[in-house]
Protein chains: 2
Amino acid sequence: MTTPDLAPVRLPVLDEHARGLLFTDARTANSFTDEPISDETLASIWELAKWPPTAANTQPLRVLYVRTQAGKDRLVPLMMEGNQAKTAAAPAVAILAADVDFHQFVPQVFPIRPELKGYFDEAGVDGRETHATFNSALQAGYFLLSARAHGLAAGPMGGFDADAVSTEFFPGGRHKAILVVNLGHPGPDAYYDRLPRLAHNDVVSWV
Amino acid sequence: MTTPDLAPVRLPVLDEHARGLLFTDARTANSFTDEPISDETLASIWELAKWPPTAANTQPLRVLYVRTQAGKDRLVPLMMEGNQAKTAAAPAVAILAADVDFHQFVPQVFPIRPELKGYFDEAGVDGRETHATFNSALQAGYFLLSARAHGLAAGPMGGFDADAVSTEFFPGGRHKAILVVNLGHPGPDAYYDRLPRLAHNDVVSWV
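These numbers were taken from a predicted model, which means no experiment stands behind them.

Caption draft 1: Structural detail: the overall build of chain A. Of regular secondary structure, chain A possesses eight helices and five strands. Taken from the N to the C terminus, the helices and strands of chain A come in the order α-α-β-α-α-β-α-α-β-α-β-α-β. Along the first, second and third principal axes, the C-alpha set of chain A runs to 70 × 45 × 40 Å. Taking all 207 residues of chain A together, 54% fall into the buried category. Contacts in chain A between residues at least 24 apart in sequence constitute 81% of all its contacts with a sequence separation of at least 6. With an accessible surface of roughly 8900 Å², chain A has 53% of that area assigned to carbon and sulfur atoms. Positive and negative charge centroids in chain A, built from 17 and 24 side chains respectively, lie 3 Å apart.

Printed below as a string of structure tokens:
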């Protein structure tokens, strides 16, 4: 019996249109139209963003969608002043948070090594927070590109009172807010001038 | 003089093929063919990944591409044992690192508020490391999806001696290795069974 000499799998390459949509043409929007974003679209952003990898498949990111006026009224005062008007105007806002008790799910999401749950138990909250924050930030990158993949402009903001937002929206101390993201269709004058990117050789090196 | 009542800009939506390439079909590869990855492709991965946003446009991620045998010989022993064989076999490897002196570039990359450099000076290395690590992780998410956009399978690994890798490849203490990523075309038996993702309601909530 012989095994056929299969050609290696060649993966397709993303076309220019899609590169533009996610990376090169997409921009952080600072104003939004009042066109609502459906709950189905918001749910779908997560259903796409959930797939790329995290360490030991731990998936510590949590997403709270704020789209009611009551929710906005709780969030906006906790944003830095320069972020308040646009957060109030965005048709939907996502609060992204790191779950420091992500390890409760390890037996379910990493069944090949369920004993990792015990390792994270022993690491304590501080040890887990490092893992949770890092991997949540990685997932936040996926989330922002998924929002763009849904035809939405995203406006990520680090300028807010993280402790106050965590306490207000995630009582119990288990979730640490890491990023607030305005979502919607870009409004008038949505974009500032594009800021420069670092020179290639200031970022990339080779051995 | 009247201003025309322009319709709001509607952004296009990523098609199923591209969603599959970046999110839903793409998988972390654990073996690679020996087909080389050109330096042009590796450079292009960064040129795409550099565009999505970071806080105050600080762009703290640095990328070191390891593709010579001499470079591999320095890296592989610093990987966890379970990651050594696949790192040795990958045609190219990226060491992703956070630059804790990213603020040196603030006047260049954030000219609208150059005084932020002084704020980061005062924050000290520890304060800057939090910012650098978080935003580098966000950029690592962009980097992984950009590698996929180039038709490559990526194999991100957190299992390595981060201090030793930082010292070996980034002498001076300015760069902290955060992730090592194998890059290449998937080889035979490249994929383990896909691990489960968390249930929607364990991640997403609404107000």
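Caption draft 2: Representation of the pairing of strand S4 (residues 175-184) of chain B in the model. Residues and elements named next belong to chain B. With respect to burial, S4 is a largely interior element, nine of its ten residues being buried. Judged from the eight bridges that link them, strand S2 (residues 92-99) and S4 form a sheet pairing that is antiparallel. Residue pairing across strands places Val 93 opposite Asn 182, the latter belonging to S4. As paired elements, strand S3 (residues 153-157) and S4 share five bridges and run antiparallel to each other.

Caption draft 3: Region of interest: the relation of the copies chain A and chain B. With an RMSD of 0.0 Å, chain A superimposes on chain B once it is rotated by 180° and translated 0.0 Å along the axis. The transformation relating the two chain copies, once decomposed into turn and shift, fits a two-fold axis. Most of the interface of chain A is mirrored in chain B: 100% of its interface residues are interface residues there too.

Caption draft 4: Summary view of the interface of chain A and chain B. Of the residues lining the interface, 81 residues belong to chain A; the matching set on chain B comes to 81 residues. Taking both sides of the interface into account, the surface hidden between chain A and chain B amounts to around 7400 Å²; carbon and sulfur atoms contribute 69%. Linking chain A to chain B there are zero salt bridges. The tally of links between chain A and chain B comes to 27 residue pairs in polar contact (both at pLDDT 80 or more). Among the elements that line the side of chain A that touches chain B, the one with the most residues is helix H6 (residues 116-149) of chain A, at twelve residues. Per-class residue counts for the side of chain A that touches chain B are 50 nonpolar, 18 polar and 13 charged. The sheet contact formed by strand S1 (residues 61-66) of chain A and strand S5 (residues 204-206) of chain B spans three bridges and is parallel. Across the sheet, A:Leu64 pairs through a bridge with B:Ser205, a residue of S5(B).

Caption draft 5: Layout of helix H6 (residues 116-149) of chain B. Given a rise of 1.5 Å per residue, 34 residues ought to cover 50 Å, yet the end C-alpha atoms of H6(B) are separated by just 34 Å, more than 12% below that figure. Within two residues after H6(B), B:Gly151 carries a phi angle of roughly 80°, on the positive side.

Caption draft 6: Structural view of the sheet that holds S1(A). The sheet built from five strands is open, its strands ordered S3(A)-S4(A)-S2(A)-S1(A)-S5(B) with mixed pairing. Each of the sheet's edge strands pairs with one partner strand only, and the pair in question is strand S3 (153-157) of chain A together with S5 of chain B. For this sheet, the mean inter-axis angle between neighbouring strands, taken without regard to orientation, is 25°. Contacting strand S2 (92-99), S3 and strand S4 (175-184) of chain A, helix H4 (residues 81-89) of chain A crosses the sheet at an angle of about 150° to S3(A). The strands touched by helix H7 (residues 162-169) of chain A within the sheet are S1, S2 and S4 of chain A, with S4(A) carrying the most contacts at an inclination of about 90°.

Caption draft 7: Up close: the packing of aromatic side chains. One pass over the structure, following the stated rule, counts eight aromatic pairs over all chains. Geometrically, the ring pair formed by A:Phe102 and A:Phe120 is edge-to-face, given 4.9 Å between the ring centres and 75° between the ring planes. With A:Phe102 in the loop between S2 and helix H5 (106-109) and A:Phe120 in helix H6, this pair connects stretches of sequence that are 18 residues apart. Across the pair, A:Phe120 and A:Phe102 agree in class, each one buried. Here A:Tyr119 and A:Phe120 contribute two aromatic rings whose centre-to-centre distance is 5.2 Å and whose plane-to-plane angle is 70°, an arrangement assigned as edge-to-face. You can call A:Tyr119 exposed: its relative accessible area is 53%. Members of the aromatic cluster, connected to one another through ring pairs, are A:Tyr65, A:Phe143 and B:Trp206.

Caption draft 8: Quick look at the packing of helix H1 (residues 16-24) of chain A against helix H2 (residues 39-49) of chain B. Contact pair H1(A) / H2(B): the axes reach a minimum separation of 9 Å and the direction vectors enclose 55°. Taken together, the axes of H1(A) and H2(B) lie oblique to each other. Facing H1(A), whose interface residues are A:Arg19, A:Phe23 and A:Thr24, H2(B) presents B:Ser44, B:Leu48 and B:Ala49. Residues that form the contact of H1(A) with H2(B) fall into these classes: three nonpolar, two polar and one charged.

Caption draft 9: Structural context of the environment of B:Asp39. Within the element layout of this structure, B:Asp39 appears in helix H2. For the pair B:Asp39 and B:Ala92, spaced 53 residues apart in the sequence, the C-alpha separation amounts to 9.4 Å. B:Asp39 has contacts with A:Trp206 and B:Arg67, leaving out every residue within four places of it along the chain.

Caption draft 10: Examining the sheet that holds S4(B) more closely. Pairing within the open sheet is mixed, and its five strands lie in the order S5(A)-S1(B)-S2(B)-S4(B)-S3(B). The strands lining the two open edges of the sheet, one partner per strand, are strand S5 (204-206) of chain A together with S3 of chain B. Within this sheet the neighbouring strands show an average axis-to-axis angle of 25°, counted without direction. Here strand S1 (residues 61-66) of chain B pairs with S2(B) via six bridges, running antiparallel. By the bridge assignment, B:Val63 is partnered in S2(B) with B:Leu96.

Cut-offs and rules
- Residues numbered from 1 in each chain as written.
- Chains lettered and ligands numbered in written order.
- Predicted model: local features only at pLDDT ≥ 70, side-chain atom pairs only at ≥ 80, totals over all residues.
- Heavy atoms only, no water.
- Helix = DSSP H or I, 4+ residues; strand = E, 2+ residues; numbered from the N terminus.
- Buried < 20%, exposed > 50% of the residue type's maximum accessible area, 1.4 Å probe, protein only.
- Contact = heavy atoms within 4.5 Å.
- Areas by Shrake-Rupley, 256 points an atom, 1.4 Å probe, with all protein chains shown as cover.
- Lys, Arg positive; Asp, Glu negative; His and termini not counted.
- Charge placed at Lys NZ, Arg CZ, Asp CG, Glu CD.
- Pairing = 2+ DSSP bridges.
- Least-squares fit on C-alpha atoms with pLDDT ≥ 70 in both.
- Buried area = accessible area lost by both parts, 1.4 Å probe.
- Salt bridge = Lys/Arg side-chain N within 4 Å of Asp/Glu carboxyl O.
- Polar contact = N/O pair within 3.5 Å; in protein donor to acceptor, adjacent residues only side chain to side chain.
- Nonpolar A, V, L, I, M, F, W, Y, C, P; charged D, E, K, R; others polar.
- Expected span 1.5 Å × (residues − 1).
- Axes fitted to C-alpha atoms, helices over the stretch in contact; angles between N-to-C directions.
- Phe/Tyr/Trp six-rings, centres within 6.5 Å; stacked < 30°, edge-to-face > 60°.
- Parallel < 35°, antiparallel > 145°, perpendicular 65-115°, else oblique.

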